Structures are given as structure tokens and as C-alpha cells.
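Here is what each chain is made of, one letter per residue.
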Amino acid sequence: MVEYSIGGLRDMFLGNVRRLKEILKYAKISSDVAEIDASNLVHKEVNDLMRYCALQGVRRIVLKGVRGQRYIGTRLYFPDPRPKLEIEIHGFPGNDLGAFLDGHRIVVYGNAQDGVGNTMDSGEIVIYGQAGDVVAMSMRGGRIFIRDDVGYRTAIHMKEYRDKVPVLVVGGTAQDFFGEYMAGGRVVLLGLNLDDKPHRARYIDTGMHGGIMYIRGRVEPWQLGKEVGIVDMEAEDWKFIEKHVGDFCEIFGIKEDEVLGGSFLKLKPVTKRPYGKVYAY
Amino acid sequence: MSMAGMDVRRVRGGARGMRRERLPDKEHQACGLFGVIDRSGRRFGGRVAIEAVMNMRVRGNGLGAGFAAYGIYPEYKDYYALHVMFQDWDLDAKREVDKFLEANFDIVCSEEIPTNPEAPVIDPPLIWRYFVMPHKKGEERRLSDDDYVVKKVMHINTKIENAYVFSSGKDMGVFKGVGFPEEIAEYFMLEKEYRGYIWVAHSRFPTNTPGWWGGAHPFCILDWTVVHNGEISSYGTNKRYLEMYGYYCTLLTDTEVMAYAIDLLMRRQRLPIEIVAKILAPPMWDHIDIMDERQKRLYTTLRMVYAPLLINGPWTIIVAHHGEMFGITDRIRLRPITAGEKGDLLFVSSEEAAIRAVCPDLDRVFTPMGGEPVVGRLKSREKELRRRAEEVV
């Protein structure tokens, strides 16, 4: 191995991580607000500092100069009943923002990358911009609001259980495999930036076997996976849309009436076990 | 990469084959890619590419990094610049290559590539550069200069043990090795030594193939370079098809087929990027079925004629040659890509944060659909292509 690597494999995740006391200078805490300058921190350090601030009783964390650090907000699980944090991000957070998020609220003033809200448990993520691929992957609770577009495989394997029903609202459009293998949850796609052009996503809801998807705007039947059908909107659906899209519009300052005035498609899986025949033996 | 690569290894001697088995077994791959072109042709130092790819440190693991730069040898721009690596400082290989080049080329300059001995890289091979002009004899006079150079590069790569040609284009070069990107950049002193109008960078996380100096990206033939994130599950098919056209894969990694496929399609067969994209990442049959008749004929024909060049598996690549750079992913985008624009600059990268690290105030950020290329062209080339298109019409 020595021949091919320099002194064995170097750990690119933990290689340059400093001890907490060496990085405390990057956090300024005043009463219950902490400001963290993330421009010189690797991602474990960012999360170490955030955890430290939370344990100090901080209620609001402002991250400045974020430059691609991953897993921001992921290690803020506290067993005791402890108040939830408000996390403000300036800059460009890296992949898996808010992974496993435990009830906190993250607001990003800019674009996010891949894996926003990966396996998120509860809380809220708001993105004032676009996000990358696999947004809300395996999400199991809470809400995500994305103002602009999302990439491939959004909401892949999103799930729900009893009262834990995750909600994702996307203001722009999505790319292929939107809602792939969805097992639960609610996804709303608004198409606000399309100017009456159709959505381009293909293989929408392929393999979907739970949950509900709402799409505002034009989609042709060939763009849908074989496992979903279009069903009529009912009063309950409108109630849901009015609440969550209403919140979305309020957050981003969009006129609610114009959004709700559009036509919505409701997609539901036609079977709970689309591949039962393939794998059963 | 498939086991097909092992064939070559056995031919070239077993020692390195033994080492292969001791490589760490990794489950996933997440290389970092970055490319930038100044469409006005302005040349700049390596700093931008180095800082951008450094920002994606976690996408590589220090087992390979490399850079390609275009427009760096203006004083020798009419000569092919051969960067040749001699594994284990094998001076016999060097003598053999010298002899071979002297017999087949006019060499105007031959020197060791300047390196910084203080840089923290371990066990670097000898890397030499030759500026050469083809010296064709007999039947070979019928070959174009480019075809002649490809043939001779293949000869060195397959016939001369421990010698590998890193790059072989005019007025461009590839600099690569084992280390993190900033270490390789420091070793080759890219920030101060070179100025180019296209820079492409790669940080490697090898999974299925060895991390060795020759296996670092970019891969290059003539002035075509490719950097790649992912793995090519169609490698065996692609490799055998390319062998019919005289391309032999010797560098033990799947990306090599991509460089040769691009050279075959774009240089030799003169196909435009838009068509090449549809060969490497063709539309699905069920989408071809619903196209209009003309399109259906085109895409069916492409899929049939070029079936062995369909690149299967998860991949994102950035391809560059003089005047042009483009990024593209596989058709279902199993690896990420983001593009950004700022004035004449076009960036393509695995992550937006890497672009923002060197250009925070982009005019536009976008991500194309899988299989659709993002193309950055010199304005002068754009004009030339338009003129040619008008002639056809």
C-alpha cells in the first residue's frame, strides 16, 4: 500500500481537524446568539462549534463565510428537552445540509448542494435559492422549502409513520426521478419560474409506493413513472396545499393567490408493492 | 473498472500487479472535478484551479490529483509537447524513449519538467518533456501529423516498459501524480510556471484501480484531456471497440477509454459535441419512441452505429481541447455537476462551493439535465463554427 499512497490512506475528513479549544476564537457568543466565522473551518470543526454553542445555551447561530462544508447541523441531537435552534447560513453550504436534523430550523441565504435534509427527522430547512440532487432523501419528518429548482432524485425514498409526515415544497422545477421510490410524505412542485413551459422532469415518481405528490404546471403522461396515477384533488388536498404553500409564499414573499390559482395534479401510487411480482419467489 | 485492465498489467510485468492486491478496498467514489475557460482567450495562472479543487478536499483521498492547462507553451506552440513519465526513474526506459523519439521526430527541446523538491509528494517518477515535430518516413507519410503522433504515443505506452506519455498535445500539458491537488500543484509549481486560458483539475478517490502516478487524471491524447468522476461499467466493450481503431488502454483505469473515445469521435470523425454527447449518453429507447420521425431516425442510427461507445455507469466528465471545454454527466446523472458563468469565464465543477470559492459573485449558476453538455468555447472558435455551419446550409 505504501507504494500507492503516501504513508497509507490519509483521512480527508478528519485530517485537518483542530481541537475545540483551538477553534473557539471563530465563535462569538453574545447572550443567546452565536456568530461563527466558518471560512477557516473544516466541516467537523463547524459542527463541533455549533454543538458547543448549543450546549452553552445559545438559541440562534449565524454561520458566516460557509464554503462548502458538509453535514451542517447534523450533530445537534440532545436527549434532554432543550430548545430548538434557529440556524442562519450565509455562503454556500456543502452536501448533506441538515442531515438527520433534529427539530432545528436552518435558513440558507444562497444555494445549497446535494442531499439537503438527508434522513432529516424534524425541523425546517429554508433555501433562498436552488438545491442540488437527492434533496430530502429518506426524509422522515419536518419541512423543507426551496425557493428555486432542485436536481435529480428529489425526495427519493421519503417516508412517513403515523404523525410524522415530511413535507417538501419546491418553488421552481425539478429534474429526473422526482419522487423516486417515495414511500411516504408530501411533495409539492410549483413550477413558478416556468412561465407556462412544461416541467422537463422524466421518470417522475418511478417506484413510488406511498405518500402524495402535487405538481403545479404542465406534465405529460410519458413523464410519469408506471407506478403512479393521476387522481382528483379533494378538499383535504386543497387544505394541505393552502397551509404549506401558504407558508412557502409567506416566507419568500410570493403572492399566494397567483400560486394557488394554478392547476394542480395529484399523483398517488397505484400499488403499495410495485415490485412485488419481480422479487417475490 | 472491470478486470479487463488486468490483461495489460500482466503483459507489463507482474510486480505492480502484486501490489494491486494490497490496495485498500473502497466502496464508493467521489472524485472532485473542476474546469474553467476564459472565452476571450486571456491566459491566467493555476491559482484559480488549485483553490477551487482544494475546496473539495473531501472528494479526494490524496491518491491522485492532476491538472491540464491550455496555452502554456506559446514559445513552442507549433510543436507537440510530450510529457513522459518514467516509472521508478527507469533510465533505461528513458534511453529507449530518447532513441525512439530521435528516430521518429525532430526534437527541438528536451528537458526535465521543472519541479519543486520541497513539495510533499513521495516517490515521484522522472517526468520529462520533449517538444517535437513529426519526422515521417515511408508509408507513414500518408498519416496526418495527429494520427502519426497517436501511433507513436501508443508505441511508447505499450512497448516501452516503465514509460508512459502523460500528454501529447501542442501548447498544452498535463501535470499529475499521487497526492492531494495542492501538493501536485506545488510539485509542478503550477501557480508560477504556467499561464493558460483553460485549466482543468481533478482530485482523485480511486476505488477499483490503483492510485499510481500514471493513473491520476487528466487522461490525455494529443490535446484532448478528460477528467472523470465515477466508474465505467461498459469499460470492456468500449476498450475492445477502441482497439479496432488503434487505441490501447495501458493506464489501469477506466477513464482512459473516455479520452480515446473522444479523440476518435471528435478529432478523427469530426463530430460536434452535441452529437458526441448523444453517443456517450444516448436517450433511452422509450424516449426515442416518442420523438418525431426525423429525430427518431437520427437517434436510432446513432445508437446502432455507436452502440459500443455508449458509456454505461455513473460518470461525470470534463473534456477539454484547444478552444473548447465541456462538462457532461451520464444520462441519469449518477454523479454531480454544476456550471457557473461570470463574464467571459465559464466554470464546470462537481460542487458549486468550489466555483464560489474562486468566484463568489457568479452571473449565473445552472445544472444541465443528465447527458446534456455544458460547453465553453473561445469566442474565436464560436465564430469559426458559425461560419462553417453557414457553409453547410
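This one's a predicted model, so the numbers in the text were calculated from it and none came from an experiment. (Residues numbered from 1 in each chain as written. Chains lettered and ligands numbered in written order. Predicted model: local features only at pLDDT ≥ 70, side-chain atom pairs only at ≥ 80, totals over all residues.)

Bringing the overall build of chain A into the picture now. Of the regular secondary structure elements, chain A holds five helices and twelve strands. The C-alpha radius of gyration computed for chain A amounts to 20 Å, which stays within 12% of the reference 19 Å derived for 281 residues, consistent with globular compactness. Counting over 281 residues, chain A shows a buried share of 51%. For chain A, restricting intrachain contacts to residue pairs at least 6 apart in sequence, the fraction spanning at least 24 positions comes to 52%. (Helix = DSSP H or I, 4+ residues; strand = E, 2+ residues; numbered from the N terminus. Rg over C-alpha atoms; globule rule 2.2 N^0.38 Å. Buried ≥ 20, exposed ≤ 12 C-beta atoms within 10 Å, placed from the backbone. Contact = placed C-beta atoms within 7 Å.)

In terms of helices and strands, chain B carries 14 helices and 16 strands. Over its C-alpha trace chain B gives a radius of gyration of 20 Å, about what one expects of a compact globule, namely 21 Å for 393 residues. Seen through its C-alpha atoms, chain B measures out along the principal axes to roughly 60 × 50 × 45 Å. Here chain B holds 393 residues, and 51% of them are scored as buried.

What follows concerns the confidence of the model for chain B. Residues and elements named next belong to chain B. Model confidence for chain B is summarised by a mean pLDDT of 90, while 92% of its residues fall at 70 or above. Note that pLDDT drops below 50 for residues 1-28; the model gives that stretch 33 contacts with residues more than four away or on any other chain. Interface predicted TM-score (ipTM) for the complex: 0.93; the corresponding pTM is 0.92. (pLDDT = per-residue confidence, 0-100.)

It is worth spelling out the sheet that holds strand β11 (residues 315-321) of chain B at this point. Backbone hydrogen bonds hold the strands of a sheet together, and the pairing may be parallel or antiparallel. Residue and element names in this part refer to chain B. The strand order β9-β10-β11-β12-β16 describes an open sheet built from five strands, whose pairing is antiparallel. The sheet is open, and its two edges are formed by β9 (219-221) and β16 (374-377), each paired on a single side. Put simply, the sheet's adjacent strands are angled 15 degrees from each other on average, direction ignored. By the bridge criterion, six bridges tie strand β10 (residues 224-230) to β11 in an arrangement that is antiparallel. Residue pairing in the sheet places His-228 in a bridge with Ile-317 of β11. Against the sheet, helix α9 (residues 255-268) contacts β9, β10 and β11, and its axis sits at roughly 135 degrees relative to β10. (Pairing = 2+ DSSP bridges. Axes fitted to C-alpha atoms, helices over the stretch in contact; angles between N-to-C directions.)

In this section: helix α4 (residues 91-104) of chain B. All names here are of chain B. Here α4 spans 20 Å end to end across 14 residues, near enough to the 20 Å set by a 1.5 Å rise per residue. Residues Ala-93, Val-97 and Asn-104 constitute the buried set of α4. One side of α4 carries all its buried residues, which in axial view fall inside an arc of 40 degrees. What points out from α4, more than 90 degrees from its buried face, is the exposed set Leu-91, Asp-92, Arg-95, Lys-99 and Ala-103. (Expected span 1.5 Å × (residues − 1). Arc of directions from axis to C-beta.)

All names here are of chain B. Of all the six residues making up strand β12 (residues 324-329), six are buried; the element is thus mostly covered by neighbouring parts of the structure. Here β12 shows no split at all, with Glu-324, Phe-326 and Ile-328 on one side and Met-325, Gly-327 and Thr-329 on the other all buried. Bridge analysis of β11 against β12 gives six bridges, and the strand direction is antiparallel. For Ile-317, the partnering residue across the bridge sits in β12 and is Ile-328. Between β11 and β12, which pair antiparallel one after the other, the connecting turn spans two residues, and Gly-323 there sits at a positive phi close to 90 degrees.

Here we come to the interface of chain B and chain A. Of the residues lining the interface, 32 residues belong to chain B; the matching set on chain A comes to 25 residues. Looking at which element gives the most residues to the side of chain B that touches chain A, the answer is helix α13 (residues 352-358) of chain B, with five residues. For the side of chain B that touches chain A, the class distribution of residues is 17 nonpolar, eight polar and seven charged. (Nonpolar A, V, L, I, M, F, W, Y, C, P; charged D, E, K, R; others polar.)

Residues and elements named next belong to chain B. Its location among the elements puts Gly-371 in the loop between β15 (364-366) and β16. The spatial distance from the C-alpha of Gly-371 to the C-alpha of Ala-65 is 25 Å, given a sequence separation of 306 residues. Apart from residues no more than four positions distant in its own chain, Gly-371 is found in contact with Ala-277, Ala-281, Ile-328, Thr-329, Asp-330 and Arg-331.

Moving on to unusual backbone geometry. Here B:His217 and B:Pro218 are connected by a cis peptide whose omega angle stands at 0 degrees. Mapped onto the secondary structure, B:Pro218 falls in the loop between β8 (198-203) and β9. Unlike most non-glycine residues, A:Phe100 shows phi in positive territory, near 60 degrees. With respect to the element layout, A:Phe100 can be found in the loop between β4 (86-92) and β5 (102-109). Even without a glycine there, the phi angle at B:Arg333 is positive, about 40 degrees. Position of B:Arg333 relative to the elements: it lies in the loop between β12 and β13 (338-342). Residue B:Arg333 is classed as buried on the basis of its C-beta count, with 26 C-beta atoms lying within 10 Å.

The next thing to look at is the sheet that holds β15(B). Residues and elements named next belong to chain B. Here seven strands make up an open sheet; going across it, the order is β7-β2-β8-β1-β14-β13-β15 and the pairing antiparallel. At either margin of the open sheet sits one strand with a lone partner, and together these are β7 (172-177) and β15. Neighbour-to-neighbour, the strand axes of the sheet open up by a mean angle of 10 degrees, direction not taken into account. Of the pairings in the sheet, the one linking strand β2 (residues 65-70) to β7 comprises six bridges and is antiparallel in character. Of the residues in β7, the one forming a bridge with Ala-65 is Gly-177.

Residues and elements named next belong to chain A. Splitting chain A by domain gives domain 1 (1-80) and domain 2 (95-279). For domain 1 versus domain 2, the distance between C-alpha centres works out to 30 Å. Between domain 1 and domain 2, the contact holds seven residues from the first and ten residues from the second. (Domains from an automatic or database assignment.)

Below, the discussion takes up the environment of A:Ile23. Relative to the assigned elements, A:Ile23 resides in helix α1 (residues 20-23). Ignoring sequence-local partners within four residues, the contact set of A:Ile23 consists of A:Arg18, A:Leu41, A:Glu45 and A:Leu49.

Now for the nonpolar core. Among the nonpolar cores identified, the biggest contains 193 residues, and B:Ala49, B:Ala52 and B:Phe67 are the most heavily contacted of them. For this core, the element with the highest residue contribution is α9(B), accounting for seven residues. Residues from two domains meet in this core; each of domain 1 (1-80) and domain 2 (95-279) of chain A gives at least three. With residues up to four places along the chain from it excluded, the contact list for B:Ala52 reads B:Phe34, B:Ala201, B:Ser349, B:Ala354, B:Ile355, B:Ala357 and B:Val358. (Core = buried A, V, L, I, M, F, W, Y, C linked by C-beta atoms within 7 Å.)

Quick look at the packing of helix α8 (residues 235-243) of chain B against α9(B) now. Residues and elements named next belong to chain B. Viewed as axis vectors pointing N to C, α8 and α9 meet at an angle of 45 degrees, and their least axial separation amounts to 10 Å. Here α9 runs oblique to α8, going by the angle between their axes. Between α8 and α9 lies a crossing whose hand is left-handed. Within the contact between the two elements, α8 uses Tyr-235, Asn-238, Lys-239 and Leu-242 and α9 uses Val-257, Tyr-260, Ala-261 and Leu-264. Looking at the contact of α8 with α9 residue by residue, the classes come out as six nonpolar, one polar and one charged. (Parallel < 35°, antiparallel > 145°, perpendicular 65-115°, else oblique. Left-handed = near helix turned anticlockwise from the far one by under 90°.)

Time to look at the packing of α9(B) against helix α10 (residues 273-280) of chain B. Residues and elements named next belong to chain B. Viewed as axis vectors pointing N to C, α9 and α10 meet at an angle of 135 degrees, and their least axial separation amounts to 10 Å. Overall, the two elements α9 and α10 adopt an arrangement that is oblique. In this structure, α9 meets α10 at a crossing whose hand is right-handed. Together, Ala-261, Ile-262, Leu-265 and Met-266 of α9 and Val-276, Ile-279 and Leu-280 of α10 make up the contact between the two elements.

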